[in-house]
Amino acid sequence: MMADIKKLEVPEPLSRLGEAFREAGHELYLVGGVVRRTLLRGADTYTATEAHSSRINLQDADAATDAHPARIKALLRPHAENLWTVGERFGTIAATKGEYEVQITTYRTDQYTRGSRHPEVRFGESLEEDLARRDFTINAVAAAAITGEIVDPFEGRKDLEVGVIRAVGDPLERMRDDPLRMLRAVRFEATLTRPERPFAMARDLEEAVKDNAGWLESISAERKRDEFEKILLSENVASGLRTLVRLGLMPYVVPEFMETVDVEQEAEFHHKDVFEHTLIVVSSVEADPILRKAAFFHDIGKPRTLVYEHRCTYCGAKSIRKRSEEGECEVCGGRTVPKKIHFYGHENVGAAIARRAMQRLAYPKDDIDAVAHLVTNHMRPYGYAASRDPWSDAAVRRFIRDAYLARGDRVLADVDMLLKLARADITGSAPRRRRIAEESWHSLRSRVDEIRAGDAVEKLESPLSGNDLMRQFDMGPGRWIKGLKDYLQNEVVEGHLGKDDKDKARELATAYAREHDILEE
């Protein structure tokens, strides 16, 4: 039982800090995630012979103290290898101690002004005051840094034991204090849940979140992004995304995603609507930050590109319409009925949506470009399966080149990532189509590996540099160089020109320049 764990076994570097604070007349308690994670791990491995304790073996820890920031710095300096004061105005000093990174914060009793993102920070006098201001009972458990004895005034251990995320005190007040806590509640559900111990919000907390989701408008994009990212990377990402939609939080994170709910797809290819299909794909792809976001956005353009292919019941004429209702044939006046569903160009529309949404959430440019690139190209592997004739080696090289995106020496996306996304997409296909798609995927994977074994296709370049071309044609710098280099590079990719064959490259360059009147510019 979680409640039977009365103390934590504190590592020596942290207990020595506790002794230093005590000798100076101050308290030091471990708080937050380090205590929660240790209790959970201890409960999973607990036996009656373990002396009712659990050992902390994490390398990052939060702590709370009655000492004020200036005093914290003075006490830490003799013991810490490094010291950071970035959060000093909020009462937080960070330091490294041996293998541990510890953030020590003065007891606080924050006061929030309604509509404000930032609390008025007030230093408190006691640990109990400090724990009372925290969001959830599972985060309001402390352990003495010296003895490891647990302080649990809000029965957080009990809630950890039964898998309940409960607010400290009135849930409405806790969410109003800092509306980001609504996203944190979803995040804890997704990240803490295990098959043997699922977590869920208490009913009053869930109601407070659902009724006041709009408060998220006051939260900065960066803070929302960080919580959203943790949900995306969790083992229970589908459940987390479903909860964001169900509680009305998604419109304040990625509102466009709400459009995917209940959007039907062609039953021959997908047995779920766009929303449910996306949850399957996101869950199936590996927990890589770029791949999870690419999976999340890959079909987000479908609702805006949805059209119905109608067919006349009399003359058989086909037509494309935005609505599924029966219509009148423009050829013979007969009755038309919907036969198929199409999402023409949804990958390009989805990439544009992904860019805008990620920009709003203040993601780095490299991340935005990588995700948009994968979304744009995510249908390319299906071209291999749909092709009547097998792809040539040159076609496979083009596919590998087109999938590649780099900035400087950093690879942002490549064919391996695109194929991983495609493999996850197949998982969300209709069962009767899945086997065919899987066979095609394995065939394409083999072809890619075979081609790459001979050359690093992503890095194939023109045999001639810009300087080589300027010397050959006795011309200065200009846009003409890029056109020629792109042509020569394409000839290498197509297999018509050796990557080091400069003589043939000069011949091809001369012919291309004459054909396109480059020498006349």
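Computed from a predicted structure; not experimentally measured. (Residues numbered from 1 in each chain as written. Predicted model: local features only at pLDDT ≥ 70, side-chain atom pairs only at ≥ 80, totals over all residues. Heavy atoms only, no water.)

Colleague: Sorry if this is basic, but what is going on with the overall build of the protein here?
Modeller: If you tally the helices and strands in the protein, you get 22 helices and 17 strands. At 30 Å, the protein has a C-alpha radius of gyration far larger than the 24 Å of a compact globule built from 521 residues. Its C-alpha atoms put the protein at 85 × 70 × 50 Å along the principal axes. Relative to its full complement of 521 residues, the protein shows a buried share of 51%. Put simply, of all contacts in the protein between residues at least 6 apart along the chain, 66% involve residues at least 24 apart. When the 80 basic and 90 acidic side-chain charges of the protein are each reduced to a single mean position, those positions are 2 Å apart. (Helix = DSSP H or I, 4+ residues; strand = E, 2+ residues; numbered from the N terminus. Rg over C-alpha atoms; globule rule 2.2 N^0.38 Å. Buried < 20%, exposed > 50% of the residue type's maximum accessible area, 1.4 Å probe, protein only. Contact = heavy atoms within 4.5 Å. Lys, Arg positive; Asp, Glu negative; His and termini not counted. Charge placed at Lys NZ, Arg CZ, Asp CG, Glu CD.)

Colleague: What is the right way to look at the sheet that holds strand E5 (residues 82-84) in this model?
Modeller: Sheets are built from strands that pair by backbone hydrogen bonding, the pairs being arranged parallel or antiparallel. Read across the open sheet, the 7 strands follow the order E5-E6-E7-E4-E2-E8-E9; overall the sheet is mixed. Edge positions in the sheet fall to E5 and strand E9 (150-151), since each of these pairs with one other strand and no more. Looking at chain direction, E5 and strand E6 (residues 92-97) are connected through 3 bridges and run antiparallel. In the sheet register, Leu83 faces E6, and the bridge partner there is Ala95. (Pairing = 2+ DSSP bridges.)

Colleague: Even after reading the chapter, I still don't get the environment of Ser218, so can you show me in this structure?
Modeller: In this fold, Ser218 is placed in the loop between helix H8 (203-211) and helix H9 (221-232). For the pair Ser218 and Arg181, spaced 37 residues apart in sequence, the C-alpha to C-alpha distance is 12 Å. A polar contact of 2.9 Å, which involves the side chain of Ser218, links it to the backbone oxygen of Trp215. (Polar contact = N/O pair within 3.5 Å; in protein donor to acceptor, adjacent residues only side chain to side chain.)

Colleague: What should I look at first to understand the pairing of E6 in this one?
Modeller: A regular strand places its side chains on the two faces of the sheet in alternate fashion. Of all the 6 residues making up E6, 6 are buried; the element is thus mostly covered by neighbouring parts of the structure. With burial as the criterion, each face of E6 is covered, one bearing Thr92, Ala94 and Thr96 and the other bearing Ile93, Ala95 and Lys97. Judged from the 6 bridges that link them, E6 and strand E7 (residues 100-106) form a sheet pairing that is antiparallel. Bridging from a neighbouring strand, Thr96 pairs with Glu101 of E7.

Colleague: Where do I start with the pattern of salt bridges in this structure?
Modeller: Between side chains of opposite charge, a pair can form as their charged atoms come close. Counted by the stated rule, this structure contains 40 salt bridges. For Arg360, the salt bridge identified is with Glu256, shortest N-O distance 2.8 Å. On the criterion of sequence distance, the pair formed by Arg360 in helix H14 (residues 346-360) and Glu256 in the loop between helix H10 (237-246) and helix H11 (274-284) is long-range, its members being 104 residues apart. According to the relative accessible area criterion, Arg360 is partly exposed, its value standing at 39%. The exposure class assigned to Glu256 is buried, which follows from its relative accessible area of 7%. Ionic pairing is found between Asp468 and Lys502, a salt bridge with its closest N-O pair at 3.7 Å. With Asp468 in helix H20 (residues 466-473) and Lys502 in helix H22 (residues 502-515), the pair connects residues that are 34 residues apart, well separated along the chain. Several salt bridges share partner residues, and in doing so they unite Arg355, Lys365, Asp366, Asp369, Arg407 and Arg410 into one network. (Salt bridge = Lys/Arg side-chain N within 4 Å of Asp/Glu carboxyl O.)

Colleague: Looking at this structure, how should I read the packing of aromatic side chains?
Modeller: The geometry of two aromatic rings is summed up by the distance between their centres and the angle between their planes. A full pass over the atoms with the stated rule returns 9 aromatic pairs. Taken together through their ring pairs, the aromatic side chains of Phe228, Phe257, Phe275, Phe296 and Phe297 make up a single cluster. When the ring centre of Phe188 is taken as reference, the NZ or CZ atom of Arg187 above it lies at 4.5 Å. In this arrangement the basic side chain of Arg423 is found over the ring face of Trp441, its NZ or CZ atom lying 5.8 Å from the centre. (Phe/Tyr/Trp six-rings, centres within 6.5 Å; stacked < 30°, edge-to-face > 60°. Lys NZ or Arg CZ within 6 Å of the ring centre and 35° of its normal.)

Colleague: Please clarify how the nonpolar core should be interpreted in this entry.
Modeller: Across soluble globular proteins, nonpolar side chains show a tendency to be buried alongside one another. Within the largest apolar cluster, 129 residues are counted, with the highest numbers of intra-cluster contacts made by Phe228, Leu241, Leu249, Val254, Phe296 and Phe297. Of all hydrophobic cores here, the second largest spans 10 residues; its members include Tyr29, Leu131, Ala140 and Ala144. (Core = buried A, V, L, I, M, F, W, Y, C linked by side-chain atoms within 4.5 Å.)

Colleague: Would you mind going over the state of the cysteines with me for this structure?
Modeller: Disulfide: a covalent bond connecting the sulfur atoms of a pair of cysteines. Taken as a whole and judged by the stated rule, the model has 0 disulfides. This cysteine, Cys315, is not joined by any disulfide, and Cys332 carries the nearest cysteine sulfur, 3.6 Å off. Unpaired in this structure, Cys329 has its nearest cysteine sulfur neighbour in Cys315, at a distance of 3.7 Å. Here Cys329 falls in the buried class, since its relative accessible area comes to 6%. (Disulfide = S-S within 2.5 Å.)

Colleague: Explanation requested: the packing of helix H17 (residues 393-403) against helix H21 (residues 479-494) in the structure shown.
Modeller: The relative placement of two packed helices is expressed as an angle between their axes plus a distance between the axes. Orientation of H17 relative to H21, taken along the N-to-C sense of each, is 125°, at an axis distance of 8 Å. One way to sum up the angle between H17 and H21 is to call them oblique. Of the residues in H21, those touching H17 at Ala394, Arg397, Arg398 and Arg401 are Gln489, Val493 and Glu494. Here the residues of the contact of H17 with H21 are counted per class, giving 2 nonpolar, 1 polar and 4 charged. (Axes fitted to C-alpha atoms, helices over the stretch in contact; angles between N-to-C directions. Parallel < 35°, antiparallel > 145°, perpendicular 65-115°, else oblique. Nonpolar A, V, L, I, M, F, W, Y, C, P; charged D, E, K, R; others polar.)

Colleague: What is the right way to look at the environment of Lys420 in this model?
Modeller: Tracing the sequence through the fold places Lys420 in helix H18 (residues 415-427). Spatially, the C-alpha atom of Lys420 lies 33 Å from that of Gly163, the residues being 257 residues apart in sequence. Setting aside anything within four residues of it in sequence, one finds Lys420 in contact with Val285, Glu286 and Leu291.

Colleague: Would you take a moment to explain the side chain of Arg397 for this structure?
Modeller: As for its position among the elements, Arg397 is in helix H17. Beyond its immediate stretch of four places on either side in the chain, Arg397 contacts Ile451, Val457, Val493, Glu494 and Gly495.

Colleague: I keep staring at empty space enclosed by the protein and nothing clicks. Help me out?
Modeller: Using a probe with the size of a water molecule, rolled over the atoms, empty space left in the structure can be pinpointed. Going through the model one piece at a time under the given rule, you end up with 1 cavity of 30 Å³ or more. In this structure, the largest cavity occupies an estimated 90 Å³ of space. Lining the largest cavity we find Pro381, Tyr382, Tyr384, Ala385, Ala422, Ile426, Ala437, Ser440, Trp441 and Leu444. Those elements giving two or more residues to the lining of the largest cavity turn out to be helix H16 (380-386), H18 and helix H19 (431-454). Partitioned by chemical class, the residues of the lining of the largest cavity number 9 nonpolar, 1 polar and no charged. (1 Å grid on protein atoms, 1.4 Å probe; cavity = no way out; pocket = protein on both sides within 12 Å on 5 of 7 lines; lining within 4 Å. Points joined across faces, edges and corners; volume = space filled by probe spheres on them.)

Colleague: Hey, could you run me through the sheet that holds strand E13 (residues 318-321) in this one?
Modeller: Spatially, 4 strands are ordered E13-E12-E15-E14 in an open sheet, and the strand pairing comes out antiparallel. Looking along the sheet, the strands with just one partner apiece sit at the ends: E13 and strand E14 (327-328). In the sheet, strand E12 (residues 306-312) pairs with strand E15 (residues 335-343) via 7 bridges, with the strands oriented antiparallel. In the strand pairing of E15, Glu309 is matched with Lys340.

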